[in-house]
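Observations on chain architecture
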Amino acid sequence: MSKRVVITGIGLITPLAVGTEASWQQLVTGKSGIGRITHFDAEAANMACTIAGEVPDFDVNTFINRKDARKMDTFIQYGVAAAQMALEHAGLEVNETNAERVGVVIGSGIGGLTMIERTMRAYEKGGARRISPFFIPQTIINMISGWVSMYAGAKGPNAATVTACATGTHAVGDAFEIIARGEADAMIAGGAEACICELGVGGFCASKALSTRNDDPEAASRPWDVNRDGFVMGEGAGVMVLESLESAQARGADIIAEVVGYGMSGDAYHMTAPAPEGEGGARCMRAALARAGLAPDAVDYINAHGTSTPAGDLAETQGIQAVFGDHASKLMVSSSKSMTGHLLGAAGGIEAAFTALALQHGVVPPTINLDEQDPRCPLDYVPGEARDAAIKVAISNSFGFGGTNASVVLKAFS
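Residues numbered from 1 in each chain as written. Predicted model: local features only at pLDDT ≥ 70, side-chain atom pairs only at ≥ 80, totals over all residues. Heavy atoms only, no water.

Topic: the state of the cysteines
How we decide: For this text, the term disulfide refers to a pair of cysteine sulfurs within 2.5 Å. Each residue's exposure class comes from its accessible area (1.4 Å probe, protein chains only) as a fraction of the maximum for that residue type: buried when under 20%, exposed when over 50%, partly exposed otherwise.
Inspection of every chain in the model, using the stated rule, returns 0 disulfides. Cysteine Cys195 shares no disulfide, and the gap to the nearest cysteine sulfur, in Cys197, comes to 6.2 Å. The cysteine Cys205 is free of any disulfide, with Cys49 supplying the nearest cysteine sulfur at 5.2 Å. Residue Cys205 is classed as buried on the basis of its relative accessible area of 15%.

Notes on the pairing of strand 1 (residues 5-13)
What counts, and what does not: Strands here are runs of E lasting at least two residues and helices are runs of H or I lasting at least four, both read from the DSSP assignment and numbered beginning at the N terminus. A pair of strands is treated as paired once DSSP finds two or more bridges between them.
Burial runs high along strand 1: 9 of the 9 residues are buried. Of the strand pairs in this sheet, strand 1 and strand 8 (residues 257-266) are connected by 3 bridges, and their pairing is antiparallel. In the sheet register, Val6 faces strand 8, and the bridge partner there is Glu258. In terms of strand pairing, strand 1 meets strand 7 (residues 236-244) through 8 bridges, oriented antiparallel. Bridged to Ile10 within strand 7 is Met240.

So, the environment of Ser336
Using the following cut-off: The criterion used for residue contact is that any of the two residues' heavy atoms lie within 4.5 Å. Under this definition, polar contacts are N or O atom pairs within 3.5 Å; protein pairs additionally need one hydrogen-donor-capable and one acceptor-capable atom, and for neighbouring residues in sequence, both atoms have to be side-chain atoms.
Residue position: Ser336 is located in the loop between strand 10 (332-334) and helix 12 (337-340). Placed 228 residues apart in sequence, Ser336 and Ser108 show a C-alpha to C-alpha distance of 19 Å. Ignoring anything within four residues of it in the chain, the contact list for Ser336 reads Leu27, Asn303, Glu351 and Phe354. Polar side-chain contacts of Ser336 include one of 3.0 Å to the side chain of Asn303.

Describing the side chain of Ser247
If you trace the backbone, Ser247 turns up in helix 9 (residues 245-250). According to the relative accessible area criterion, Ser247 is buried, its value standing at 19%. Of the polar contacts made by the side chain of Ser247, one reaches the side chain of Glu243; its length is 2.8 Å.

Concerning the pairing of strand 13 (residues 393-400)
Counting buried positions over the 8 residues of strand 13 gives 8, a clear majority of the element. By the alternation rule, side chains of strand 13 split into Val393, Ile395, Asn397 and Phe399 and Ala394, Ser396, Ser398 and Gly400, which are all buried. As defined by bridge partners, strand 9 (residues 301-303) adjoins strand 13 across 3 bridges and the pair is classed as parallel. Pairing of Ile302 across the sheet is with Ile395, part of strand 13. The pairing of strand 13 with strand 14 (residues 404-411) spans 8 bridges and is classified as antiparallel. Bridging from a neighbouring strand, Ala394 pairs with Leu410 of strand 14. The antiparallel hairpin formed by strand 13 and strand 14 contains 3 residues in its connecting segment, where Gly402 sits at a positive phi of about 85°.

Observations concerning the environment of Met47
Relative to the helices and strands, Met47 resides in the loop between strand 2 (35-36) and strand 3 (51-52). Classification of Met47 by relative accessible area gives buried; the value is 15%. With 43 residues separating them along the chain, Met47 and Arg4 place their C-alpha atoms 48 Å apart. Other than its neighbours up to four places away in sequence, Met47 contacts Phe40, Ala42, Glu198, Val201 and Gly202.

Comments concerning helix 8 (residues 198-206)
The criterion, for reference: The arc in question is the one spanned by the directions pointing from the helix axis to the C-beta atoms.
Among all positions of helix 8, only Gly200, Val201, Phe204 and Cys205 are buried. Buried residues in helix 8, looked at end-on, bunch into an arc of 130°, giving them a common side. Tucked into the core, helix 8 has its buried residues touching helix 4 (113-126). One or two positions beyond helix 8, positive phi appears at Lys208, with a value near 60°.

The analysis is restricted to geometry; functional conclusions fall outside its scope.
Listed below in C-alpha cells is the structure:
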C-alpha cells in the first residue's frame, strides 16, 4: 500500500532573500528580485542581457565551514545551505537509529559552470598545474546530495536529478515516490543553481532566450504579458523535507502540505521549443492528477512554469486549457518567476515550496508585471497582487529543454 507523503520542512535561498519566511514575504508582496548583474561586468562583455536575479547577502560561513566551502562551487553551497534550513525547519534529527531511512535527492540543471569557467582561465594562464585537485568534485551535480548526506548523516537513498529546468520538480517527485514505496521515511529534496557567469549568461544570450529589458530590470520578467521578450536568469536553491505521514506524526512534526501526485512526460519534439499547443505539458499534468487520483476540477491553483518567453507561456496556457477544459477559467494560475526570474534547475524546488506555503497560508502569490495580458493567454494569472483563497489542491509545473516535463500535485493537509 502506498504511504502518504507530507512536507515538514522548507529551505529557500532566492533572489528575493536568504531564508524561507523572508522569501515568502517578498513573494506575496510582489517584490522583484531582479537587478543589474554584479557577478561580472556584463556590459564590458557586450552581453545583450545585463540583468539577473542574484541572491542577496548570502554568507556561506553561516552554513558551511571555510575549509569545506572552498571545495564547493556556489551552486553546491546554495544547495547545502538550503538543505540545512529545511532540516532545521522540519526539526528532523538524523541519528544512528534513523540514518538509513533518510535520503537525499537534490539536482541542478547546469551545475558548476562558474568553476569550470574559472578553472579554464587558470589553465590558460598557467597550464595543468593550475587546476585544483577539487575541481571535479566542485562541479559535478550529485555533490550537493553527497555533501548534504555527509553534513546530515543521511545514509538512505542518495541521487541527483539533471533534467534542465524540470530538475527541482523531478527531484521532489522522485523523493515522493521513494517514500510512497516505503524505501525511506524521509527525503531531503530539491534543486540548486548558480550559473550567472559569462558562459551561462552568454550562452543563453546567444540562443536569444533572455530578456533584453536592461533599462528596467524589475519589470523584465513578465509572464503572459503581450510585451514579454524572454526569461531572466536567477540563482539560488529550494529544498524540502518530505516525510511519510507516519514518521511525521510519530515525532509530532508540523505538517506544511501533502504531496499526492507526480507526473512526467517527454515532448519528443524539439531541443528547446515546447511541443505544439503544450501537448507534452498537458500529458504531464494528466499523469500527475492520475497518480493523485483527482479529477481536474479538484484543482484550485497552478504555480506555472511561466518563464516569460513568448512560446513557452502560450504553450503552457494551451496545455492547461486542454487538461482542465471549462474549469481552466476558474483556476488561479501565477508565476513566481515574475519576481525571482528563472532559476533553471532550482526553479522546481523553489516553486514547489512556494506552492506548499500557498496551501498552508491560504494565499496565492501574484504574477507581477502583467500590464497588458496577451489575448491568446486568457486565464486568471492573479495579476499584480496576492490573493487570499482557501485553496485545497495545487499543481507546480516545470518544463525543460529537451522536452522534459514534470508536475507535482500538493494538497492542504487535513
